[in-house]
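Spelled out, the chains give:
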Amino acid sequence: MSRVYNFSAGPAVLPEEVLEKAAANMLDYNGCGMSVMEMSHRSPEFQSILDEAEADLRDLMGIPDDYEVLFLQGGDSLLFSTVFMNLATNGKADYVVTGNWSKKAFEQAQILGDAKLLASSADKNFSYVPDVSSLDVREDASFVYICQNETITGTRYPELPDTKGHVLVSDQSSMFLSEPVDVARYGLIHAGVQKNVGPAGVQIVIVRKDLIPDDLPGVPTMLRFRTHADAGSLYDTPNCWGIYVCGLVFKWIKGLGGLEAMAQRNRAKAQLLYDYLDASELFSSNVAPRDRSIMNVPFATGDKDLDAEFVAEAKGARLINLKGHRLVGGMRASIFNAMPPEGVEALVGFMERFERSHRA
Ligand SMILES: *Cc1c(COP(=O)(O)O)cnc(C)c1O
């Protein structure tokens, strides 16, 4: 067996220890004679997997008791709609668009009701985060929506917006558990776990309990957060296996020292790559330095053919999935929690050699 360094933006690299643990328990989970995949979601074994996952997540993020934690399905993209359906009780919400994912959320809100665009960085291909210190938030807006780390263009909010007292909703998919966040500053956080936390097919929603409406006329049962909150994420069959692996990842992060330790490790990895990019004469990052993501790092040579050559040669060196998103081109290195520092060192070393051999 030989593992590659996988820079995929999602589904993405998972910690080797977690995969080993899952493999060791594949046929017989904790002596119960079956895999987690084969278990009833109503069994005491699965209930304790779910309870432990939630408890560890609460512990890691310091989630206050007045917040609900939901493990959902349907894709993080479904939450672009369900967040609006559940939280925009008067049909009005305000959006900041800093990239493809917040743009998609805004588009869904426009389908469903009255969505206002507060600010956008579309003018410069989403290469920065606009000034969000004095947004013109509508008095009666139900919430202000952001995507805090844009996975495709590689931006991250250096500071949270001033919502003028309004509820803040944040899509944290590609930064979830990468650094400490103060949950109390948000009304709702949502994340698809396939970026930084687990296998595809689970979305985690952390939502202040008083924001979950009891009654939502016209909204199907499955799309109401109330349904899943009341049923402890077991209204219907959840993604049992996915939740199990997320739970293993939560324990892995705790073992490394929690979110502060994770953040230090992630910042050091990102710094190594950005320092090289800023010094390089061949490669560059076009993201405004103060708004750079520490998870997703797009870069390019400025020459399409050379970019393609780089991606192909990197693959030969077992540095995988470095092709940039089709909307952006160039390259992108996603350096999520589970990417070891050695993987980033290997990438930078490879880029240095590539630069030397292509500059002359
Ligand atoms: C990947 C991603 C999504 C969409 O996730 P799906 O589960 O594929 O629908 C939404 N937001 C962000 C920030 C993402 O990175």
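Heads up: the structure comes first, above all this text.
Description of the structure in this document. Quick caveat, the model's predicted, so the values are computed rather than measured. (Residues numbered from 1 in each chain as written. Predicted model: local features only at pLDDT ≥ 70, side-chain atom pairs only at ≥ 80, totals over all residues. Heavy atoms only, no water.)

## What to know about helix 3 (residues 76-87)
With 12 residues, helix 3 ought to run about 16 Å at 1.5 Å a step, and its terminal C-alpha atoms sit 16 Å apart, in line with that. Across the 12 residues that make up helix 3, a large majority, nine, are buried. Considered for burial, the residues of helix 3 that qualify are Asp 76, Leu 79, Phe 80, Ser 81, Thr 82, Val 83, Phe 84, Asn 86 and Leu 87. (Helix = DSSP H or I, 4+ residues; strand = E, 2+ residues; numbered from the N terminus. Expected span 1.5 Å × (residues − 1). Buried < 20%, exposed > 50% of the residue type's maximum accessible area, 1.4 Å probe, protein only.)

## Let's talk about the nonpolar core
If you look at the biggest cluster of nonpolar residues, it comprises 89 residues, and the most contacted ones within it are Met 61 and Phe 310. For this core, the leading source of residues is helix 6 (residues 240-255), giving 11 residues. With near-sequence residues (within four places) excluded, Phe 310 lies in contact with Phe 283, Phe 299, Leu 322, Met 331, Leu 347, Phe 350, Met 351 and Phe 354. Counting residues in each nonpolar core, the second largest holds 30 residues, with Phe 80, Trp 101, Ala 109 and Phe 126 among its members. (Core = buried A, V, L, I, M, F, W, Y, C linked by side-chain atoms within 4.5 Å. Contact = heavy atoms within 4.5 Å.)

## What about the site of the ligand?
Surrounding the ligand, one finds Gly 75, Asp 76, Ser 77, Phe 80, Trp 101, Cys 147, Asn 149, Thr 151, Asp 171, Ser 173, Gln 194 and Lys 195. With respect to the ligand, the side chain of Gln 194 contributes an N or O atom lying 2.9 Å from an oxygen atom. Lys 195 places a side-chain nitrogen or oxygen 2.5 Å from an oxygen atom of the ligand. Protein burial of the ligand: of its 380 Å² of free accessible surface, 86% is covered by the chains. Top element by residues in the shell around the ligand is helix 3. It accounts for three residues. For the shell around the ligand, the class distribution of residues is three nonpolar, six polar and three charged. (Near = heavy atom within 4 Å. Polar contact = N/O pair within 3.5 Å; in protein donor to acceptor, adjacent residues only side chain to side chain. Areas by Shrake-Rupley, 256 points an atom, 1.4 Å probe, with all protein chains shown as cover. Nonpolar A, V, L, I, M, F, W, Y, C, P; charged D, E, K, R; others polar.)

## Brief notes about a negative patch on the surface
A cluster of acidic residues, Asp 303, Asp 305, Glu 309 and Glu 313, forms a negative patch at the surface. Structurally, Glu 313 is set in helix 8 (residues 304-316). (Patch = residues over 30% accessible without salt bridge, like charges linked within 9 Å, V, L, I, M, F, W, Y side chains within 5 Å. Salt bridge = Lys/Arg side-chain N within 4 Å of Asp/Glu carboxyl O. Lys, Arg positive; Asp, Glu negative; His and termini not counted. Charge placed at Lys NZ, Arg CZ, Asp CG, Glu CD.)

## Regarding the side chain of Asn 149
Within the fold, Asn 149 resides in strand 6 (residues 149-150). Of note is the side chain of Asn 149, whose polar atom sits 2.7 Å from the side chain of Ser 293. Separated by 2.8 Å, the side chains of Asn 149 and Asn 296 make a polar contact. Look past the residues within four positions of Asn 149 in its chain and what remains in contact with it is Thr 155, Arg 156, Asp 171, Ser 174, Met 175, Ser 293, Met 295 and Asn 296.

## Quick look at unusual backbone geometry
A cis amide bond links Gly 10 with the next residue in sequence, Pro 11, at an omega value of -10°. Tracing the chain through its elements places Pro 11 in the loop between strand 1 (5-6) and helix 1 (16-24). Despite not being glycine, Asn 125 shows a phi value in the positive range, around 50°. Mapped onto the elements of the fold, Asn 125 is located in the loop between strand 4 (114-120) and strand 5 (143-147). One non-glycine residue, Arg 318, adopts positive backbone phi at about 65°. Counting through the fold element by element, Arg 318 comes out in the loop between helix 8 and strand 12 (319-320). The exposure class of Arg 318 is partly exposed, given its relative accessible area of 37%.

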